[in-house]
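Summary of structural features
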Amino acid sequence: MIVRTVDEIIGSENEIKAETWASRRLLLKKDLMGFSFHETIIYAGTETHIHYQNHLEAVYCVAGDGEIETIADGKVYPITDGTMYALNEHDEHYLRGGKEDMRLICVFNPPLVGTETHDENGVYPLLED
């Protein structure tokens, strides 16, 4: 069994930070679960361009507010506590923090190895251990 806490992850090599977000990576590829599991904080008032060409992601909001805009059609979806969205078609999008930081629980397939961050196109590379 694997048991971890967010407090153990914060400040460790498994917390990756960028200007608009922080990702606490609780399960990674090396854990052999077939997916990775993250807590991501999207900072209030920010915008992040994301296009996961190599991964599928499902996201569940547990606190805060924001919105997601799909670039292909310009649709904007509000995100609040209890909202789930799944990027089942590698959807290119903007993720925006609202009035307060947004706390998201995320699952990636294939799993991340832990060091990934968005490139200039919003893509996470497909890394090997």
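This text follows the structure it describes.
First, a word on what this report is: a plain description of the structure on this page. The structure presented is a predicted model; accordingly, all values stated were derived computationally and were not measured.

Moving on, we come to the packing of aromatic side chains. What the rule picks out here adds up to one aromatic pair. Ring plane angle 85° and centroid distance 5.1 Å describe the contact between Tyr 52 and Phe 108, whose orientation is recorded as edge-to-face. Residue Tyr 52 is located in the loop between β4 (47-50) and β5 (56-63), and its partner Phe 108 is located in strand β10 (residues 102-109); the two are separated by 56 residues in the primary sequence. Take Tyr 52 and Phe 108: they sit in the same class, and that class is buried.

Here we come to the pairing of β4. Where burial is concerned, the two faces of β4 differ: the one with Thr 48 and Ile 50 is buried and the one with Glu 47 and His 49 is not. Here four bridges tie β4 to strand β9 (residues 93-97), and the two strands are oriented antiparallel to one another. Considered in β9, the bridge of His 49 is made with Tyr 94.

What follows is about the sheet that holds strand β3 (residues 36-42). With antiparallel pairing, the six strands of this open sheet are ordered in space as β1-β2-β3-β10-β5-β8. Every other strand in the sheet has two partners, leaving β1 (15-17) and β8 (84-86) as the edge strands with one partner each. Strand-to-strand twist in this sheet, taken as the mean axis angle between neighbours without regard to direction, amounts to 20°.

Here we come to the side chain of Ser 36. Structurally, Ser 36 can be placed in strand β3. Within polar-contact distance, the side chain of Ser 36 engages the backbone nitrogen of Leu 112 at 3.0 Å. Among residues more than four places away in sequence, those in contact with Ser 36 are Leu 27, Leu 28, Cys 106, Val 107, Phe 108, Pro 111 and Leu 112.

Sheet architecture is open: four strands sit in the order β4-β9-β6-β7, paired in antiparallel fashion. Each of the sheet's edge strands pairs with one partner strand only, and the pair in question is β4 and β7 (76-80). Between one strand and the next, the sheet's axes are offset by a mean angle of 20°, whatever the strand orientation. Here strand β6 (residues 65-70) pairs with β7 via five bridges, running antiparallel. Among the inter-strand pairings, Glu 67 is bridged to a residue of β7, identified as Pro 78.

Definitions and limits used
- Residues numbered from 1 in each chain as written.
- Predicted model: local features only at pLDDT ≥ 70, side-chain atom pairs only at ≥ 80, totals over all residues.
- Heavy atoms only, no water.
- Phe/Tyr/Trp six-rings, centres within 6.5 Å; stacked < 30°, edge-to-face > 60°.
- Helix = DSSP H or I, 4+ residues; strand = E, 2+ residues; numbered from the N terminus.
- Buried < 20%, exposed > 50% of the residue type's maximum accessible area, 1.4 Å probe, protein only.
- Pairing = 2+ DSSP bridges.
- Axes fitted to C-alpha atoms, helices over the stretch in contact; angles between N-to-C directions.
- Polar contact = N/O pair within 3.5 Å; in protein donor to acceptor, adjacent residues only side chain to side chain.
- Contact = heavy atoms within 4.5 Å.

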